[in-house]
Amino acid sequence: MMIPMDRLSGLDASFLYLESNAQLMHVCGLILLDASTMPGGYSFEGMKAELERRVRPIPMFHRKLRFVPGGIDHPVWVEDADFDIDLHVHRAALPSPGGQEELAELCGHLAGIPLDRSRPLWEMCVIEGLASGQNAVFTKMHHASVDGVSGANMISILRSLEPDTPPLDAGEQRVDMRVPSGLELVARGLGSNLAKPLHLAKMLAPTLDVLGTSIGRARRGTAMAAPLTAPRTSFNGTITGHRAIAYVDLSLERIKEIKRRVEGATVNDVVLAVSGGALRRYLDDRGELPNGSLLASVPVSVHGESKKAGGSNKVSTLFTRLRTDLADPRERIEAIAAGNVNAKEHHRAIPADTLQDWAQFAAPRTFGLAVRMVSSLRLADAGPVIHNLVISNVPGPPVPLYFMGARIDGLYPLGPVFHGAGLNVTVMSHAGVMHVGVIACRESMPRVWDLAADFPRELDEMYAAICA
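Reference entry: report on the structure contained in this document. Keep in mind it's a predicted model, so treat the numbers as computed, not measured. (Residues numbered from 1 in each chain as written. Predicted model: local features only at pLDDT ≥ 70, side-chain atom pairs only at ≥ 80, totals over all residues. Heavy atoms only, no water.)

Considering the overall build of the chain
Turning to step 1, where the next piece is worked out: Within the chain, the secondary structure is distributed over 11 helices and 18 strands.
Turning to step 2, where the next piece is worked out: Sorting the 468 residues of the chain into buried and exposed places 51% on the buried side.
Turning to step 3, where the next piece is worked out: If you sum the accessible surface of the chain, you get close to 19900 Å²; carbon and sulfur atoms cover 56% of it. (Helix = DSSP H or I, 4+ residues; strand = E, 2+ residues; numbered from the N terminus. Buried < 20%, exposed > 50% of the residue type's maximum accessible area, 1.4 Å probe, protein only. Areas by Shrake-Rupley, 256 points an atom, 1.4 Å probe, with all protein chains shown as cover.)

If you want it as structure tokens, here you go:
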């Protein structure tokens, strides 16, 4: 079956334009596996062959970019006629002793390597030699191709409820994506550019309404936290392409119990409060705890509300204070829960497609020049801090799952970091456990394991203060 060429949305393409050798825009994940459950036992060649069988029907895994001549429009996805699984699935072994830190160091190295844009934008590395007897799989998918929800859905084709049952989602049937000519791409790009003034005119009135609503909420004290009001920390500056990774597990039942005990709180509020407490400990131990609260950018999926048919990224952003200025864990969670009521009401008042609509005007040359200027002039080292970090909560399965027949013992998502915000914390729940993935610019946070260790300590203290 032949389908029309698939143009990237402005938001999808923005992740390409924002990328540099320092600011890498792929989404990573670390999966810990018990391979003893695999029917017939584990072998790398067997796992790779099964991976090839499962990904071949799914367009996302065998499409690549085709750029428009002159950069006059966003790129399109086309079929990779030379798709080769060996270019995407690799094998590595840990050095002795094969512990958590050795695994995280290897994953940090892999996370700092850009994806090859001449091929489909994903890779997996099967890692052996763990002292625990487990195997690991480190995944990379470009943000132009997936967001948190769509990425989790794509990976679901590799997971099942039992070792020898079919995957949870068979995914889309493979189709052949037509390869357009350069002339066709230019003609379409010119048409798209000619229509932009009309699209801009249509967006002005609703955008002004949003601005008016936001100003009114700010005056009444019911607006979400404002960007550009974050205090500066050691991880809020110019980043490099080096990455440091750590991961840790939290009790989902304890998180839910805290939620039940605090009126109006949600699981996400508890995650934010625990994150705020862990960051407070980390910064206080280093003598750099600011007087004001850290500000987090929280991606919010709008897959259910978006009216846009195309595009992989359907996301908006909510800004929230982590109340790192409050030492008492009960006061912190109560303050975050109350603040997020206003933030969510404010966020709901903003049309779901606002970010996607404005991203259509993203220009590759302008974005690329801006990123190079921020990096070369080290603009992120001075001036207002937009936000301190990104914290994301990706929905996960409540039951045990299997990856290619191997039982999943851990699922640790790892998002991108940015100039000015060199830290990302992403959590995913799975079978009663909240898995926490922490990734940072290595120069900004060389001892990322110290922060990861503060998460369970903070959860224990919060549980004792609220539930004991």
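Quick word on the nonpolar core
Turning to step 1, where the next piece is worked out: Membership of the largest hydrophobic core comes to 68 residues, with the highest contact counts inside it found for Leu103, Ile127, Phe138, Leu423, Leu451 and Phe455.
Turning to step 2, where the next piece is worked out: Among the elements that line this core, the one with the most residues is helix H7 (residues 267-285), at nine residues.
Turning to step 3, where the next piece is worked out: The next biggest cluster of nonpolar side chains, apart from the first, holds 29 residues, and it includes Phe83, Val89, Met124 and Leu411. (Core = buried A, V, L, I, M, F, W, Y, C linked by side-chain atoms within 4.5 Å.)

A few points about unusual backbone geometry
What you tend to see is this: most non-glycine residues have negative phi, and most peptide bonds are trans.
Turning to step 1, where the next piece is worked out: Note that the residue after Ser96, namely Pro97, is joined by a cis bond; omega there is 5 degrees.
Turning to step 2, where the next piece is worked out: When you line up the elements, Pro97 lands in the loop between strand E6 (89-93) and helix H3 (100-111).
Turning to step 3, where the next piece is worked out: Non-glycine residue Arg323 carries a positive phi angle of around 50 degrees.
Turning to step 4, where the next piece is worked out: With respect to the helices, strands and loops of the structure, Arg323 is situated in the loop between strand E13 (315-321) and helix H8 (329-348).
Turning to step 5, where the next piece is worked out: On the basis of relative accessibility, which here comes to 25%, the residue Arg323 falls in the partly exposed class.
Turning to step 6, where the next piece is worked out: Even without a glycine there, the phi angle at Met404 is positive, about 55 degrees.

As for the sheet that holds E6
Pairing between the strands of a sheet comes from backbone hydrogen bonds, and it takes one of two forms, parallel or antiparallel.
Turning to step 1, where the next piece is worked out: The sheet built from seven strands is open, its strands ordered E6-E7-E8-E3-E16-E15-E9 with mixed pairing. Sheet topology places E6 and strand E9 (159-160) at the edges, where each strand pairs with a single neighbour.
Turning to step 2, where the next piece is worked out: Across the sheet, H3 touches strand E3 (26-34), E6, strand E7 (122-128) and strand E8 (135-142), and the angle it forms with E8 is around 20 degrees. (Pairing = 2+ DSSP bridges. Contact = heavy atoms within 4.5 Å. Axes fitted to C-alpha atoms, helices over the stretch in contact; angles between N-to-C directions.)

Concerning the pairing of E7
Turning to step 1, where the next piece is worked out: Most of E7 is tucked away: seven of the seven residues are buried.
Turning to step 2, where the next piece is worked out: Where burial is concerned, the two faces of E7 agree: the one with Trp122, Met124, Val126 and Glu128 and the one with Glu123, Cys125 and Ile127 are both buried.
Turning to step 3, where the next piece is worked out: In this sheet, E7 lies alongside E6 in parallel orientation, the contact comprising five bridges. Note that in E7 the partner of Val89 across the bridge is Met124.
Turning to step 4, where the next piece is worked out: Pairing of E7 with E8, which is carried by six bridges, proceeds in the antiparallel orientation. Considered in E8, the bridge of Glu123 is made with Lys140.
Turning to step 5, where the next piece is worked out: Between the antiparallel neighbours E7 and E8 lie six residues, among them Gly129 with a positive phi of about 85 degrees.

Digging into the pattern of salt bridges
Turning to step 1, where the next piece is worked out: For the structure shown, the criterion picks out 27 salt bridges.
Turning to step 2, where the next piece is worked out: For Arg447, the salt bridge is made with Asp450, and the minimal N-O distance between the two is 2.9 Å.
Turning to step 3, where the next piece is worked out: Residue Asp450 is classed as partly exposed on the basis of its relative accessible area of 23%.
Turning to step 4, where the next piece is worked out: Close ionic contact of Asp454 with Arg457 constitutes a salt bridge, the shortest N to O distance being 2.9 Å. Of the two residues, Asp454 and Arg457 are both situated in helix H11 (residues 448-466); the distance of three residues between them amounts to about one turn of the helix.
Turning to step 5, where the next piece is worked out: Residue class for Asp454 comes out buried when judged on its relative accessible area of 4%.
Turning to step 6, where the next piece is worked out: For Arg457, a relative accessible area of 46% puts it in the partly exposed group. (Salt bridge = Lys/Arg side-chain N within 4 Å of Asp/Glu carboxyl O.)

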